[in-house]
Amino acid sequence: MQELFRVLDPGTEDWALARQIDASRLPAHVAIIMDGNGRWAKRRFLPRVAGHKAGIDSVRTIMETAARLRIEALTLYAFSTENWKRPKSEIDTLFRLLRFFLRQELATMMEQNIQLNAIGRIEDLPEGAREELHRVIALTAGNTGLKVNLALNYSGRADLVDAVNRLIEEARAQGRLGSLEVSEATLDGAVSTAGLPDPDLLIRTSGEMRISNFLLWQIAYAEIYVTETYWPDFRRADLLRALLDYQKRDRRFGGLSALERAQTEESNAEEAVPAR
Ligand code: FPP
């Protein structure tokens, strides 16, 4: 939190929100479906790509805020496997913006100790974007702070399919394909986010109540936070509000809270259930 307060002015809204955050109960992994760029632009009578351009500033702010909060991982849904259906001019601009973002943000990533990674079928991205991505991933590989995953040409189903195929391939290479058994732990170790905690908090901007094929395996127990705010307007205060909302949730992972458990043992013991 100290790192965050260093850039906040006392008395501002961001400062007041940050003061309410319990630093000991922050999510380890935040995942975000960045949505509403097109609508943001339309509302301003601007071309859709203007929304994506403005969305870059939100990416920058959220990434830096998460790093200052010492959150372990941030996964951003930047381009889905379905997004190839968009007009070529929009796709080209998105990848040009990605290259611009990577070039511009490298210095901040180094300064903030951020490690960049990409998840998704990266091999199918346009060459220029792919090369820039590999360059920044390599340059930030030694950083030990926030891990930022950019989900690019990503789909949750493809992630699972690729994970299973990886396990099959590995078993075949080791001559143990016949006895291959898949467990939750082996799948966990084969999906794109292997080694990271599952997202605790999934944020979606622009009010849509959908998962849109994002991290299907990993969000099993994520708390979901949907805001009407369009992604280009989603800034530090919005992230802090989402975190405060998350901290009010009672996460039970299918069980009961400690207090509820104690009370339940007592009342269940009192409730006679006929044996048959
Ligand atoms: C969804 O809004 C947004 C996207 C498909 C792209 C997200 C891209 C950025 C925020 C900029 C580039 C990203 C990085 C990481 C540099 P939409 O276009 O579906 O909006 P709409 O639903 O209002 O049409």
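Scroll up to find the structure.
What comes next is a walk through the structure. (Residues numbered from 1 in each chain as written. Predicted model: local features only at pLDDT ≥ 70, side-chain atom pairs only at ≥ 80, totals over all residues. Heavy atoms only, no water.)

**A word on the packing of helix 2 (residues 13–20) against helix 9 (residues 236–248)**
- Axis separation between helix 2 and helix 9 bottoms out at 9 Å; the angle between their running directions is 20°. With respect to helix 9, the element helix 2 is oriented roughly parallel. Judged by the twist between their axes, the crossing of helix 2 over helix 9 is left-handed. Between helix 2, through Glu13, Asp14, Leu17, Ala18 and Gln20, and helix 9, the contact on the second element is made entirely by Arg236, Ala237, Leu240, Arg241, Leu244 and Gln247.
- Taken together, the residues of the contact of helix 2 with helix 9 break down into five nonpolar, two polar and four charged. (Axes fitted to C-alpha atoms, helices over the stretch in contact; angles between N-to-C directions. Helix = DSSP H or I, 4+ residues; strand = E, 2+ residues; numbered from the N terminus. Parallel < 35°, antiparallel > 145°, perpendicular 65-115°, else oblique. Left-handed = near helix turned anticlockwise from the far one by under 90°. Contact = heavy atoms within 4.5 Å. Nonpolar A, V, L, I, M, F, W, Y, C, P; charged D, E, K, R; others polar.)

**Focus: the pattern of salt bridges**
- Applying the stated criterion to the full structure yields 21 salt bridges.
- Between Arg172 and Glu169 there is a salt bridge, and its shortest N-O distance comes to 2.9 Å. Residue Arg172 and its partner Glu169 are located together in helix 7 (residues 156–173), separated by three residues, close to a single helical turn.
- On the basis of relative accessibility, which here comes to 47%, the residue Arg172 falls in the partly exposed class.
- A relative accessible area of 44% means that Glu169 is categorised as partly exposed.
- Among the ionic pairs, Arg249 bridges to Asp245, the shortest N-O distance being 2.7 Å.
- Residue classification places Asp245 among the partly exposed residues on the basis of a relative accessible area of 23%. (Salt bridge = Lys/Arg side-chain N within 4 Å of Asp/Glu carboxyl O. Buried < 20%, exposed > 50% of the residue type's maximum accessible area, 1.4 Å probe, protein only.)

**Digging into the environment of Leu152**
- Within the secondary structure, Leu152 is located in strand 4 (residues 147–154).
- In this structure the C-alpha to C-alpha distance between Leu152 and Leu125, which are 27 residues apart in sequence, comes to 8.1 Å.
- In contact with Leu152, not counting residues within four places along its chain, are Ala78, Phe79, Leu98, Ile119, Gly120, Arg121, Ile122, Leu125 and Leu133.

**What to know about the pairing of strand 3 (residues 115–119)**
- Summarising burial for strand 3: four of the five residues are buried, a large majority.
- Relative to strand 4, strand 3 is paired through five bridges, and the arrangement is parallel. Residue Ile119 lies in a different strand from strand 4, and its bridge partner there is Ala151.
- Once the chain exits strand 3 it traverses helix 6 (residues 127–140) before rejoining the sheet at strand 4, and the crossover so formed is left-handed. (Pairing = 2+ DSSP bridges. Right-handed = clockwise from strand over helix to strand, strands pointing away.)

Function cannot be inferred from these measures alone, as they are strictly geometric.
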